[in-house]
Amino acid sequence: MAKSEKTEGPGTTEGGSPESFEFQAEVSKLLRLMVHSVYSETEVFLRELISNAADACDKLRYEAITNADLFGDDPELKITIAADSAAGTIVITDNGIGMSREELIENLGTIARSGTEAFLQRLEGKDGDVQLIGQFGVGFYSAFMVADKVEVFSRRAGEDAAWCWTSDGSGSFSVAPAEPEQNPPGRGSTIILHLKDDATEYAHESRLRDIVKTYSDHVSFPIELASSGTTEEGEAQAPSQLNTASALWTRPKQDIDEAQYKEFYNHVGGMFDEPALTLHYRAEGRHEYTVLLFVPTQRPFDLFDADRRGRLKLYVKRVFITDDAEVLPGYLRFVRGVIDSEDMPLNISREMLQNNPIVASIRKAVTNRILSELEGLADKEADKFEELWKAFGPVIKEGLYEDFERRDQLLSLVRFRTTNSADGIRSLKEYVADMKENQTAIFYVTAETAEKALSSPQIEGFRAKGVEVLLLNDPVDNFWITSALGFEGKPFKSATQGAADLENIAGEDVEKTGDEADAVDIATLIAAIKQTLGEAVSDVRKSDRLRESAVCLVADAAAMDRNLEKLLAQHRPEGIDRQAPILEVNPSHDMIKSLAQRAKSGGVDETLEDAAWLLLDQAHILDGEVVSDPAAFANRLSRVLSRGLEA
Ligand code: ADP
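Along each chain, residues carry numbers from 1 onward, in the same order as the chain's sequence is written. Per-residue local features of the predicted model are confined to residues with pLDDT of at least 70, and side-chain atom pairs are confined, for both listing and counting, to 80 or more; whole-chain, interface and lining totals are unaffected and use all residues. Calculation of side-chain values draws on the structure's entire complement of heavy atoms; hydrogens and water are dropped beforehand.

*Asks:* Can you lay out the site of the ligand for me, pointing to particular residues and giving the numbers?
*Replies:* Here a residue is considered near a molecule or strand provided that any single heavy atom belonging to it is located within 4 Å of it. Every one of the 13 residues lining the ligand counts as a neighbour, but Asn52, Asp94, Arg113, Gly137 and Phe140 are closest to it. The term polar contact refers here to a pair of N or O atoms within 3.5 Å; inside protein, the definition further demands a hydrogen-donor-capable atom paired with an acceptor-capable atom, and it admits residues adjacent in sequence only when both atoms are side-chain atoms. Between an oxygen atom of the ligand and a main-chain N or O atom of Phe140, the distance comes to 2.9 Å. Taking Ser189, its side chain carries an N or O atom lying 3.5 Å from a nitrogen atom of the ligand. Residue exposure ignores everything except the shown protein chains as possible cover, and the areas themselves are Shrake-Rupley values with a 1.4 Å probe. Relative to its unbound accessible surface of 530 Å², the ligand loses 86% to contact with the protein. Only DSSP runs of H or I covering at least 4 residues are called helices, and only runs of E covering at least 2 are called strands; the numbering of each starts at the N terminus. When residues of the shell around the ligand are assigned to their parent elements, the largest contribution, three residues, is made by helix 2 (residues 44-66). Ten residue types, Ala, Val, Leu, Ile, Met, Phe, Trp, Tyr, Cys and Pro, are classed as nonpolar, four, Asp, Glu, Lys and Arg, as charged, and the remainder, Gly among them, as polar. Residues belonging to the shell around the ligand are distributed by class as follows: five nonpolar, five polar and three charged.

*Asks:* Which residues make up the packing of helix 7 (residues 357-380) against helix 8 (residues 382-396), and what values do they have?
*Replies:* Relative to each other, helix 7 and helix 8 sit at 135 degrees, their axes nearing to 7 Å. Classified by the interaxial angle, the pair formed by helix 7 and helix 8 is oblique. Where helix 7 crosses over helix 8, the handedness of that crossing is left-handed. Note on element contacts: helix 8 touches helix 7 through Ala382, Lys384, Phe385, Leu388 and Ile396, opposite Leu374, Leu377, Ala378 and Lys380. Class assignment for the residues of the contact of helix 7 with helix 8 results in seven nonpolar, no polar and two charged. Working convention: axes come from line fits to C-alpha atoms, limited for helices to the stretch in contact. Angles between N-to-C directions cover 0 to 180 degrees. An angle below 35 degrees is treated as roughly parallel, one above 145 as roughly antiparallel, one from 65 to 115 as roughly perpendicular, and anything else as oblique. Handedness of a crossing is defined here by the sense of rotation of the near helix relative to the far one, left-handed for an anticlockwise turn of less than a right angle and right-handed for a clockwise turn. Any two residues whose heavy atoms approach within 4.5 Å are treated as being in contact.

*Asks:* Tell me about empty space enclosed by the protein, and name the residues and values.
*Replies:* We place a 1 Å grid over just the protein atoms. Points where a 1.4 Å probe fits but has no way out form a cavity, open points with protein on both sides within 12 Å along at least 5 of 7 lines form a pocket, and any residue with an atom within 4 Å of a point lines it. Grid points are joined across faces, edges and corners, and a volume is the space filled by probe spheres set on the points. In total, this model carries three cavities of 30 Å³ or more according to the counting rule given. Considered as a void within the structure, the largest cavity measures approximately 120 Å³ in volume. Broken down by secondary-structure element, the contributors of at least two residues to the lining of the largest cavity are helix 2, helix 6 (258-269) and strand 13 (311-316). The class makeup of the residues in the lining of the largest cavity is 10 nonpolar, three polar and three charged.

*Asks:* With reference to specific residues and values, describe the side chain of Asp477.
*Replies:* Assignment of secondary structure puts Asp477 in helix 14 (residues 477-483). Within the structure, the side chain of Asp477 is placed 2.9 Å from the side chain of Trp480, a separation counted as a polar contact. Contacts of Asp477, omitting those with residues within four sequence positions, involve Lys397 and Leu472.

*Asks:* Describe the sheet that holds strand 15 (residues 336-341), naming the residues involved and giving the relevant values.
*Replies:* Any two strands with at least two DSSP-identified bridges between them are counted as paired. With respect to topology, five strands assemble into an open sheet ordered 11-12-15-13-14, the strand pairing being mixed. Here the strands that pair on one side only, and so sit at the sheet edges, are strand 11 (277-284) and strand 14 (319-322). The mean inter-strand angle of the sheet, taken between neighbouring strand axes irrespective of direction, is 20 degrees. Most of the contacts of helix 6 go to strand 12 (residues 288-295), to which it runs at about 90 degrees, and overall it touches strand 11, strand 12, strand 13 and strand 15. Across the sheet, helix 7 touches strand 11, strand 12 and strand 15, and the angle it forms with strand 11 is around 140 degrees.

*Asks:* Explain the sheet that holds strand 21 (residues 539-542) residue by residue, including any values.
*Replies:* Pairing is mixed in the open sheet, where three strands are placed in the order 21-23-22. The open sheet has two edge strands, strand 21 and strand 22 (551-554), and neither has a second partner. Ignoring which end each strand starts from, the neighbouring axes of this sheet average 25 degrees apart. Where strand 22 meets strand 23 (residues 582-585), four bridges bridge the pair, whose relative direction is antiparallel. Along strand 23, the bridge assignment pairs Val551 with Val585. Here helix 15 (residues 519-533) sits on the sheet in contact with strand 21 and strand 23, set at roughly 160 degrees to strand 21.

*Asks:* Can you explain the nonpolar core? Please cite residues and give values.
*Replies:* Grouped together as the largest cluster of nonpolar side chains are 76 residues, with contacts concentrated most on Ile339, Val366 and Phe492. Of the residues forming this core, the biggest block, nine residues, is contributed by helix 7. Mapped onto the domain boundaries, this core takes at least three residues apiece from domain 2 (248-385) and domain 3 (416-504). Excluding its chain neighbours within four sequence positions, the residues that come into contact with Val366 are Tyr281, Tyr289, Val291, Leu293, Leu328 and Ile339. In these notes, a set of buried Ala, Val, Leu, Ile, Met, Phe, Trp, Tyr and Cys residues joined through side-chain atoms within 4.5 Å is what counts as a nonpolar core. Here's how the labels work: a residue is buried when its accessible area is under 20% of the maximum for its type, exposed when over 50%, partly exposed in between, all with a 1.4 Å probe on protein chains only. Counting 68 residues, the second-largest nonpolar core is a separate cluster that includes Val27, Leu104, Tyr202 and Ala203. Annotation comment: domain bounds sourced from an automatic or database domain assignment.

*Asks:* How would you summarise the layout of surface pockets if you had to cite specific residues and measurements?
*Replies:* There is about 330 Å³ of room inside the second largest pocket. Considering the residues around the second largest pocket, the lining is formed by 18 residues, among which Ala536, Leu616, His620, Val626 and Ser628 are closest to the centre. Breaking the lining of the second largest pocket down by element, the ones donating at least two residues are helix 16 (562-571), helix 18 (606-622) and helix 19 (630-646). Here the element with the most residues in the lining of the second largest pocket is helix 18; it accounts for four residues.

Below is the structure:
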């Protein structure tokens, strides 16, 4: 909690003096950027403040389900905007949930939201776009783009005390008890913006009307503009309602245009790209509910944030319940939007949602629907699907080990980079259709990057023969691929594990390049290497998967994939028993041929021993690993080089 000190200032009531608080460091930094704003889209401040007001109304309506008294004598939730061009102020009022003193302090200054740092980075980067502020949960602070002083009067529903939060955005804010006449009528919040000299345009009603139409028409509570004019009879004019104020998803599809969907998506998803898919339908079967969902085209900043669940908003009969329930499986967490149930009990607590059978049934049906829409998109608009895949593929792949029921369906959506396709959009269906004669498995190689996978020595033979290999480089790949059974009856097989069995597969280079070492000589060499390396390897054998490289490491068919083993060892070094690898040697490689000659004529001498260890070290290096004993490696290398130079 920030340290406080007593200071004098506005908003003081008799008997209550304001307390001053420091903004949290990141918030302070953000505010500096807002105060000295150079952004052209300052008008988004209004969208953000209206959005907060609407959330506050949603929260009140939810709490009032179990405590109707919270409504008091003011049950019509609404948002009011008033402008005073002479005074240069705008006032935004809501009769929603309001904030207690502690909430004002925490929410508006002392506790950094998880998105603050991420937003600062975005803003300072070359693609800095202030539009995105809402996505990062710091929208309130955009008020300081247009105001040099902001006052928030608030009273939490059900509490008596009202409070006034004040700041000029420079380092600190103050909180004081509010005077009764400054309170919002009853409960909720009133935000007064004292506009900067270059932002007074916002104090004009016509400007406010336009902004609300552009950004906030979808808000399901009435947004009223208090008029400063008078009627012919000299009475104050009644406020005019600026928005349609009916929940967008409840309207018939044909009455909603593209722009309205987009605006709603901006609001509900906090995203400002074009949605790749918009899904709007009403389910009427065992359960009745309305779905309005969007699949974005761009990644939200917190896609891989472990605590961040989906951002789907769950409503029951138009009452907002939560955006924290896992209505969709985790691998669809990028989907944004609203699901509104007709038959869930209104007083369902957020905790009860987890085991609710209606939620389970909605999850099942909506997940199926989204997957079939994605399949449809892949069929009909391949380009669009590929874009989407690039953004969300690694997330969708999580479903391959989390959702066994839909694994086949998900496998048909997955796109790969392969040895035959560099653009990363090859499907398994295409792979299987193009399999070589006598090829019985779908081959893959895993590595940290697709480039590393592509340069793996273990797949040289596959590439030379034109046998396609999937290049897997997302961390999740290591997990699903080892448990997936296969696709269309073809099992997945690691190209770095077990025998390659390339001989049987028909391919372009049936004749291998270069002559092989004599079979007996190579057997002698292999025996010598095996004897030298002892337990550092589980076997040494002749390779049919190498072409250019002299050696490579593979895992036994029954052992764990070496890349997965590596990944697990990184996380739990002591918890995993690493298996000694198999060293494969390339009988067509010149060096191996010379070594075989040497083994035949001279037995195991020091040079051969050095060579055996250097071959093993080389194979580890090719796999992106470090040599286990760098000093011994350096000594051997020097010895071998010296002997070579002397000869
Ligand atoms: P976000 O709304 O995305 O959470 P903001 O920076 O806009 O981020 O607001 C911070 C928090 O302050 C909100 O989450 C909410 O708890 C509180 N808040 C802001 N405006 C209001 C309001 N009008 N009524 C009640 N609470 C509010």
